[in-house]
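# Breakdown of the fold
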Amino acid sequence: MDKFRMMFQFLQSNQESFMNGICGIMALASAQMYSAFEFSCPCMPEYNYTYGIGLLFIPTIWFFLLGFVMNNNVSALTDEWKRPTGKRTKDPTILRYMFCSITQRSLIAPAVWVSVTLMDGKSFLCAFSIDLDLDKFGNYSLLTGLSEVEKLRLLARIPCKELFEHHEIREAASRYIKCISQACGWMFLLMITFMAFLIRAIRPCFSQAAFLKTKYWSHYIEIERKMFDDTCKEHAKSFAKVCIHQYFENISGEIRSFHHHRSGKGDSDDEDEDSRRSDEEKLLGIRAQDDMNKVLWNWHASKPALALRKDQVDGENNGRLNGEANGAANGFAKGHTPDVEKREWAVYYSKV
Amino acid sequence: MERLKLVLQYFQSKSESISNVICIILALVSVKLYTSFDFNCPCLPQYNKLYSLGVMIVPPIILFFLGVLVNRHTGVMMDEWMRPVGNRSKNPAVVKYLFSAMLQRAMLAPMVWILVTLLDGKIFICAFSVSVDPALFSGLPNNTGLDVIKVMAKVPCKEDIIFRNSSFRKAVSRYVRCYSQAVGWSILLFLIVLGAIGRLVKPYFDDHAASLQTRYWSNYLDVEQKLFDETCVLHARDFARKCVVQFFEDMREDAVLRLPHPLFVTNPKVEWEDEEEERLHGVSKQEQVDQLLNKWYYNKPELDVTRIAHRPKSCVTWEDRNGKTLYSDV
């Protein structure tokens, strides 16, 4: 059991930490892209603002959409949203929960881009240099005698080191704008951290029981999807194996029985026989193309109800408790099958 | 690999050590953030103080919220505080203990940021260079057209041309940095003395037995929540597997009578299938799962596991055809 626990923990943490890992990688990619990107302000009054603000927002939107694309659960969400109701009712809170968790993960890389851009300050300098009032920085008579258009052109050249000759004004102005940009950056970080704090720490005050339910079922939906894919893959493999085997048999003209023997016969420990039997079992009774198509179609059009049948869960229990019915059978079995399972005899002794 | 597993298991079993590790990682992140942050003093009299104090105060607040967020105990504490009483009585001492532990851990990263800024001195210089009396130092540049306040405000900026040929800027910086470091070391000393006194004096004011109990039950709550989450995940997995298999089997064309198999022709079942059925614990319907989760919140079970610890074990006895006992578990 301990071995199972560790394996499960690894798997479970693996799935979640896989998502978190992708999230972290995208955040790092976002920061790295910013430092690798060569920011080059156009230094013209008509385009400065567009370039500066565009560089602040467009990669943000792009990273957000990329987060959606890279998240595996988006297709699970759309599946659950679009499927016909069928035997299983739809719960809108589950859809909302899945959407919220996908959105939260996708918001991290854009937030990193925005905060890195604001802390660096270049985009703000580019966008707002034409709005500067140079008198703040000292008695500079640069702007006297210039027309409006020329004033704007001069101010627009501030972000470009090579185009603006008065270095001390440029330094003072860029320091000023960078300071404002960093203040905005810190405020942005404070705001998102505070909102995250409100959501995570204060939420248990409201509807915690409903939250447990939604968390369980949304996780269930993802697992069920994966299980279905795995079962289909296994089924396809067994289907193919049996199909090919049958084909060869048909060609060779021999007919060999597939039904497993009653047990205990000497040649039943043939390895091929065993593997063929397990392949048959894995087919789960679906042996024709039409049947398989029906399975796949109904999986979307009419998902099964969330209620496991009693006989499947308690199949063995029934056998265990049904003493009289199996008494004769057991008597028969004891004589002929020395390797019968332990479970046939169950005697309850209490430790009291 | 074995050693790694052991280490992981050790850390996971003690929730406190994980919280401590995360707390220290956050403190290191705080230092890294400070070193990578490009501090940019505006060097203007109206904005210097505002900017510097902003940089000294806002990041600690952010780090504090982050510290509360990443701590597992926050969720455990809020759950325990907000839940209805149900079968299990509430112990306010546990909630208080969790709250104070969470608060202490969350305060570490902000304190580290503040101390690092003070010991480094840049921020103090930016904030308080205008308050320095220039008469203490020689070499104040007076050939610029600017008044004294504006000149003093430019001291934090190294590249400014008005300080090109004088040592005035360096002298003032050194002076303010000295103050800043003194304040930083004093705060550090104060905190350490406070911590030491707290540690020494606590046993006199504390009931040791009660505090042992509180620590036990707060650790228990954390472990219980973790295990519940894990059990839910395992259960969901098995539920899903059974649901899918059932779905496939329902699609069979040929009608199959569902009778219990005569036992002597039972398919030899794989061992893991039995463990799976056990893991379902008899909860096999949507309504049952919903009811279970509802009850977990509204009516947590009492802390008494006598029933399951002493439940009757099924023993097996092997007898041959004549009734002679070959083997018995009894």
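On a predicted model such as this, the values are computed, not experimentally measured, just so you know.

### Some remarks on the UniProt feature "transmembrane region" (unreviewed entry) in chain B
Residues and elements named next belong to chain B. UniProt tags residues 21-37, 49-70, 106-130 and 182-201 as "transmembrane region" (unreviewed entry). This span, residues 49-70, is 100% helix and 0% strand, and a straight line between its end C-alpha atoms measures 32 Å. When the span residues 106-130 is considered, its composition is 88% helix and 0% strand, and the gap between its end C-alpha atoms is 34 Å.

### Some details on the UniProt feature "transmembrane region" (unreviewed entry) in chain A
Residue and element names in this part refer to chain A. The feature "transmembrane region" (unreviewed entry), as annotated in UniProt, sits at residues 21-37, 49-69 and 183-202 in this numbering. Secondary structure content for residues 21-37 is 94% helix and 0% strand, while the C-alpha to C-alpha distance between its ends is 24 Å. Taken as a whole, residues 49-69 contains 100% helix and 0% strand, while its terminal C-alpha atoms sit 30 Å from one another.

### Examining the state of the cysteines
The tally for this structure, following the rule as stated, stands at four disulfides over all chains. Residue pairing for A:C41: its cysteine sulfur links by disulfide to A:C126, the two sulfurs lying 1.8 Å apart. One quick way to see it: the torsion about the S-S bond of A:C41 and A:C126 is about 85°, and its sign makes the bridge right-handed. Taken together, the residues span a long stretch of sequence, with A:C41 in the loop between helix 1 (2-36) and helix 2 (48-70) and A:C126 in helix 6 (residues 122-128) at a distance of 85 residues. By relative accessible area, A:C41 is classed as buried at 13%. Exposure remark for A:C126: the relative accessible area of 0% places this residue in the buried category. Disulfide pairing is shown between B:C41 and B:C126; the S-S distance is 1.8 Å. Judged by the sign of its S-S torsion, about 85°, the cystine formed by B:C41 and B:C126 is right-handed. Of this pair, B:C41 sits in the loop between helix 2 (15-36) and helix 3 (48-70) while B:C126 sits in helix 6 (residues 122-128); the two residues are 85 residues apart in sequence, bridging distant segments of the chain. For the pair formed by B:C41 and B:C126, the shared burial category is buried. Going through chain B in sequence order and numbering each bonded cysteine, the pairs you get are 1-3, 2-4. For chain A, numbering the cysteines in disulfides from first to last along the sequence yields the connectivity 1-3, 2-4.

Analysis parameters
- Residues numbered from 1 in each chain as written.
- Chains lettered and ligands numbered in written order.
- Predicted model: local features only at pLDDT ≥ 70, side-chain atom pairs only at ≥ 80, totals over all residues.
- Heavy atoms only, no water.
- UniProt positions renumbered as here; feature names shortened; annotations may be inferred.
- Helix = DSSP H or I, 4+ residues; strand = E, 2+ residues; numbered from the N terminus.
- Disulfide = S-S within 2.5 Å.
- Buried < 20%, exposed > 50% of the residue type's maximum accessible area, 1.4 Å probe, protein only.

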